[in-house]
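Commentary on secondary and tertiary structure
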Amino acid sequence: MAAGSDRNDFSAPRNVISPGLSRVMGEGWETRRRRRPGHEWLVIRLAGHGVINLAEIDTSWYRGNQPESASLQTLDATTGASLTDKSAWSELLPPVRLLPDTPHRFRVTGQPATHVRLNIFPDGGVARLRLYGSLTDDGLAAARRRWEETA
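Scope of this entry: the structure provided in the associated data block. Everything numeric in this text was worked out from a predicted model, so none of it was measured.

1. Notes on the nonpolar core
Counting residues in each nonpolar core, the largest one holds 22 residues, and the members touching the most others are V16, I57, L72, L93, L118 and L129. Mapped onto this core, the elements with two or more residues apiece are β3 (40-58), β4 (69-75), β5 (90-97) and β7 (113-121). Ranked by the residues each element gives to this core, the list is headed by β3, at 6 residues. If we ignore the near neighbours within four places in the chain, the residues touching L118 are W29, E40, W41, L42, I57, A70, S71, L72, V126 and L129.

2. Brief notes about unusual backbone geometry
Where the residue is not glycine, phi is negative for most of them; where a peptide bond is considered, it is trans in most cases. Following F121, the chain continues into P122 via a peptide bond in cis, with omega recorded as -10°. Counting through the fold element by element, P122 comes out in the loop between β7 and β8 (125-126). Positive phi, normally seen in glycine, also occurs at W61, with a value near 80°. Structurally, the position occupied by W61 is in the loop between β3 and β4. Of note, D101 is a non-glycine position whose phi angle comes to about 50°, a positive value. Mapped onto the secondary structure, D101 falls in the loop between β5 and β6 (103-107).

3. Considerations on the pairing of β6
Here β6 shows a clear split, with H104 and F106 buried on one side and none of P103, R105 and R107 buried on the other. Bridge analysis of β3 against β6 gives 5 bridges, and the strand direction is antiparallel. Of the residues in β6, the one forming a bridge with I57 is H104.

4. Describing the layout of surface pockets
Unfilled space is identified by rolling a water-sized probe across the atoms. Empty space within the largest pocket amounts to approximately 320 Å³. Surrounding the largest pocket, 16 residues form its lining, R45, L46, A47, G48 and L131 being those nearest its centre. Going through the elements one at a time, β3 and β9 (128-135) are the ones with two or more residues in the lining of the largest pocket. It is β3 that provides the largest number of residues to the lining of the largest pocket, a total of 8 residues. For the lining of the largest pocket, the residue count by class is 10 nonpolar, 4 polar and 2 charged. There is about 190 Å³ of room inside the second largest pocket. Lining the second largest pocket we find R45, L46, A47, G48, H49, T78, T114, H115, D138, G139, A142 and R146. Broken down by secondary-structure element, the contributors of at least two residues to the lining of the second largest pocket are β3, β7 and α1 (137-150). For the lining of the second largest pocket, the class distribution of residues is 3 nonpolar, 6 polar and 3 charged.

Reading the values: rules and limits
- Residues numbered from 1 in each chain as written.
- Predicted model: local features only at pLDDT ≥ 70, side-chain atom pairs only at ≥ 80, totals over all residues.
- Heavy atoms only, no water.
- Core = buried A, V, L, I, M, F, W, Y, C linked by side-chain atoms within 4.5 Å.
- Buried < 20%, exposed > 50% of the residue type's maximum accessible area, 1.4 Å probe, protein only.
- Helix = DSSP H or I, 4+ residues; strand = E, 2+ residues; numbered from the N terminus.
- Contact = heavy atoms within 4.5 Å.
- Pairing = 2+ DSSP bridges.
- 1 Å grid on protein atoms, 1.4 Å probe; cavity = no way out; pocket = protein on both sides within 12 Å on 5 of 7 lines; lining within 4 Å.
- Points joined across faces, edges and corners; volume = space filled by probe spheres on them.
- Nonpolar A, V, L, I, M, F, W, Y, C, P; charged D, E, K, R; others polar.

Structure, rendered in structure tokens:
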């Protein structure tokens, strides 16, 4: 997992993919307030090559310090695309306003991907990010190969 360049985190970006629900703010990802232009972001590598059809951005416990808005982008690294190539990212969820202390669910239609980028504007706290979908045939075959190699 990679996160925004400033690394002004009160808590670890990794927290957004922790199991279960966040019980307190410290169990989510909270960034410090920016004093310069820009926004915070993190990149998550998916379990396999797949298609996402539901996204949940949960701001539970963040009251007044949730991001004003968020967006999601996807990237398919199986095509040779680089995580640093801004033109390789496709929009999965355009910027949407976020409410405090609320699990937000969005139906999305995306292309097959290996990575997802969560952008938060300008900064703030996110308790959890959940992405639901299915593996592609190639993604399922790769997961089976990994399973057989460890068995």
